[in-house]
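Okay, here's what each chain looks like letter by letter:
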Amino acid sequence: MRICALLPLLASGLALAGAARAELWGYVDGAGVAHVAARPLNSRYSLVLGTPSAEQGRVPGKQDGSQGLLTWLEFAPEVKSVQPWLREAARRHGVDMELLKAIITVESGFKADAVSPRGAVGLMQIMAPAEQAARLLDPRANVHAGAAQLARLIKRFGRIDVALAAWNAGEGRVARHGGQMPPIPETQAHVHLVLELYWALLQRSLPAQARQLRIHSS
């Protein structure tokens, strides 16, 4: 599914997921490694995506914090090393490359050897039986497996936001809510972060004339 086909789905996803207040905090350390989290873990973290509260504020005219993360995603060696697999998976499975990149950023921060406490593995944090986990630590295998799974979820649920909710909370839970976004704050926040970053990446990749596109909620 290419960018032009994804835009209507993204628009509806942003409108619905935007109801959940979500933030992405991060910083890039001296070694060029990006650190991202859903909240500021220490004083080095600054707001990357989300709406700053009144006490946090932001100096008028100051560049948006997302630009630092977007620049890191463009030049970081660990991101560049995965680019060939992202392009390959996007072509093979019909999922936009920027969407894959947004998911990986939020899920693992492009750490190919990441393993969550729940056992999610690799770049896209895929849940798999123990005998398959080692294979999914390979970046190419992980990206292809994740892209195939995401393509299937988008086809099943018909919307990016709901597909991402199923990715985070499980297909069964989404199905039990009639194929709609479940009322789970953690899942809603996760979906919102991925969609916000995806849109920011699209704004960089779309042709200049398409950057005038405006998304309106109904």
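These notes cover the structure that comes with them. (Residues numbered from 1 in each chain as written. Predicted model: local features only at pLDDT ≥ 70, side-chain atom pairs only at ≥ 80, totals over all residues. Heavy atoms only, no water.)

What follows is about the overall build of the chain. On a plain count of helices and strands, the chain comes out with 10 helices and 3 strands. Taken from the N to the C terminus, the helices and strands of the chain come in the order α-β-β-β-α-α-α-α-α-α-α-α-α. For the chain, with 218 residues in total, the buried portion stands at 46%. Taking contacts inside the chain between residues at least 6 apart in sequence as the whole, the part at least 24 apart equals 50%. (Helix = DSSP H or I, 4+ residues; strand = E, 2+ residues; numbered from the N terminus. Buried < 20%, exposed > 50% of the residue type's maximum accessible area, 1.4 Å probe, protein only. Contact = heavy atoms within 4.5 Å.)

Right, let's talk about the nonpolar core for a bit. The biggest cluster of nonpolar side chains holds 51 residues, and the ones touching the most others in it are Leu99 and Leu150. Mapped onto this core, the elements with two or more residues apiece are α2 (66-75), α4 (83-93), α5 (97-108), α6 (130-136), α7 (139-157), α8 (160-169) and α10 (185-205). For this core, the leading source of residues is α10, giving 10 residues. Those residues in contact with Leu99 that sit more than four places away from it in its chain are Leu150, Ile154, Ile160, Val194 and Tyr198. (Core = buried A, V, L, I, M, F, W, Y, C linked by side-chain atoms within 4.5 Å.)

This paragraph deals with the packing of aromatic side chains. Scanning the model with the defined rule gives 1 aromatic pair in all. For the ring pair Trp72 and Phe110, a centre distance of 6.2 Å and an interplane angle of 70° mean the geometry is edge-to-face. A residue pair is termed long-range when its members are at least 10 positions apart, and Trp72 in helix α2 and Phe110 in the loop between α5 and α6 qualify at 38 residues. Judged by relative accessible area, Phe110 falls into the buried class, the value being 5%. (Phe/Tyr/Trp six-rings, centres within 6.5 Å; stacked < 30°, edge-to-face > 60°.)

This part covers the environment of Ile104. Tracing the backbone shows Ile104 in helix α5. Taking relative accessible area as the criterion, Ile104 reaches 0% and is therefore assigned buried. For Ile104 and Gly146, which are 42 residues apart along the polypeptide, the C-alpha to C-alpha distance reads 9.6 Å. Beyond its immediate stretch of four places on either side in the chain, Ile104 contacts Leu86, Gly109, Phe110, Leu123, Met124 and Val143.

Moving on: α4. Each α-helix winds once per 3.6 residues, and so residues spaced three or four apart point in a common direction. Of all the positions in α4, only Gln83, Leu86, Glu88, Ala89 and Ala90 are classed as buried. The inward-facing, buried residues of α4 abut α3 (77-80), α5 and α7.

Moving on, we get to the environment of Leu202. Assignment of secondary structure puts Leu202 in helix α10. For the pair Leu202 and Met97, spaced 105 residues apart in sequence, the C-alpha to C-alpha distance is 9.5 Å.

The end-to-end C-alpha distance of α5 is 16 Å, a good match for the 16 Å that 12 residues give at a rise of 1.5 Å each. Judged by how many residues are buried, α5 sits mostly within the fold: 11 of 12 residues are covered. Those residues of α5 lying buried are Met97, Glu98, Leu99, Leu100, Lys101, Ala102, Ile103, Ile104, Thr105, Val106 and Ser108. Gly109 sits one or two positions beyond α5 and adopts a positive phi of about 60°. (Expected span 1.5 Å × (residues − 1).)

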